[in-house]
Amino acid sequence: MWTSYTPVIWKLSQFAFPELPTGVRPLQHPKTKPDMKKLPSYRTVVSLGALLGALVPVPAAFGQAYLVNDQFDDLDRIGGLTGASTSSSSPSIGTPTATNTQWVSHRQNELVATGSGMTWTMSSASRMVIGYFPTFDVADYADGVTVNLGFTTGTAAGNNNFRIGLLDSSATGYRVTDHYNATDAAFAGDLGYAFFSNGSNVGSSTTNLSGNLVERTNAGSTDLMGTAGDWTAVEAGNKTGTGYLAGGGSYDFQLQLLLADGSLTITTTFTDRATSDVILSYTVTDSTPSTTTFDSIVVRLGSGSGQYDTLGLDYLTASAVPEPSTYAAIAGVLVLGLAVARRRRAAK
């Protein structure tokens, strides 16, 4: 792609550095001293940089910015500790950062950071874990935001529902310690979207995964993920995939979010990481989104160890491609810096 823009870039560089002898590239020192009066002004150089940034698109892979990139490769799950010994009163979570998200668990002493992922060792009473990360707003990114959660299932023991949600908890703030009840005042006011499996068919079942993307419409409820009636399908009708979440498997859950003309389009995808096979993928659009801001992700199983004995959490990322104007600004600064360096060199 870059090759097609070479003539454009070359012409612009010739404009920026008109005194260069024939055959000398802008990054080479000329043998003849340039006429300083003929060099472009600072304003011209900045404008040139903006034009260059607008004309030359940057590949998404190059421009991708991580808003969250936690590989769970440390021992800090909650407040600087692994989470192997917790109670309903301590420890409290620290401040989430892009590379160090903070997590709370429905039950104490269950979700433990190992330095190479987090392991959720469940009992029959286990239900839910919540991870908090720095807030981002999809509206800030013209090309949208992609959220990925990697997880590994343990031995399958039975079946129940499976739910993963992306939420905005700003109304009442974070739940800061482990061992909370199914209902909690910290959950009132939370908004967001979640994948709800269709019925109790996740665990040892070999039935293809099916479900729907739902929006939390009863925001006043203190039951975050347990009551299906607090959530409404963005589009009616369950979606059915071509595979299932088998025990002992490694999977990637992805939400792609794009805001355009006031509507939020969300693509939900489950992928088998071992085979790269897509298990389920579908897209819905919410024309009246309740929020475009998010700061937490929630994982809930209907019967804990009644489905899997463990659930490993492998990574959490949120990535975005910045606005084209960002690249224009970067290009402008680079060209300006080069021009200043040449002025100083010529002055000597």
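Quick note: structure is the one above.
Just so it is clear, the model here is predicted, and its values are computed rather than measured.

S.K.: Would you mind going over the pattern of salt bridges with me for this structure?
M.R.: A side chain with one charge can pair with a side chain of the opposite charge if their charged atoms come near. Within the structure shown, the criterion is met by 3 salt bridges. Between R77 and D178 there is a salt bridge; the shortest N-O distance is 2.8 Å. Of the two residues, R77 sits in the loop between β1 (65-70) and β2 (102-105) while D178 sits in the loop between β8 (162-168) and β9 (191-197), which places them 101 residues apart along the sequence. Each member of the pair R77 and D178 is classed as buried.

S.K.: Looking at this structure, how should I read unusual backbone geometry?
M.R.: The general pattern is negative phi for most residues beyond glycine and trans for most peptide bonds. For the bond running from S90 to P91, omega is -10°, close enough to zero to count as cis. Locating P91 in the fold gives a position in the loop between β1 and β2. The phi torsion at N109 lies on the positive side, around 65°, for a residue other than glycine. Tracing the sequence through the fold places N109 in the loop between β2 and β3 (111-113). Judged by relative accessible area, which is 37%, N109 ranks as partly exposed. Within the chain, H179 stands out as a residue other than glycine whose phi angle is a positive 65°. Its location among the elements puts H179 in the loop between β8 and β9.

S.K.: Just checking my understanding: could you explain the pairing of β9 for this structure?
M.R.: Put simply, side chains in a regular strand alternate between the two faces of the sheet. For β9, the tally of buried residues reaches 6 of 7 residues, placing the bulk of the element in the interior. Pairing between β8 and β9: 6 bridges, direction antiparallel. Residue pairing for β9: R163 is matched across the bridge by F196. The sheet contact formed by β9 and strand β11 (residues 210-216) spans 5 bridges and is antiparallel. Note on β11: the bridge partner recorded for Y193 is E215.

S.K.: It is not clear to me how the environment of Q102 should be interpreted in this structure. Could you clarify?
M.R.: Among the structural elements, Q102 can be located in strand β2. C-alpha of Q102 to C-alpha of D70: the two residues are 32 residues apart in sequence and 9.9 Å apart in space. In contact with Q102, other than residues within four places in its own chain, are D76, R77, I78, G79, G80, I93, G94, T95, P96, I130, G131 and Y132.

Conventions we followed
- Residues numbered from 1 in each chain as written.
- Predicted model: local features only at pLDDT ≥ 70, side-chain atom pairs only at ≥ 80, totals over all residues.
- Heavy atoms only, no water.
- Salt bridge = Lys/Arg side-chain N within 4 Å of Asp/Glu carboxyl O.
- Helix = DSSP H or I, 4+ residues; strand = E, 2+ residues; numbered from the N terminus.
- Buried < 20%, exposed > 50% of the residue type's maximum accessible area, 1.4 Å probe, protein only.
- Pairing = 2+ DSSP bridges.
- Contact = heavy atoms within 4.5 Å.

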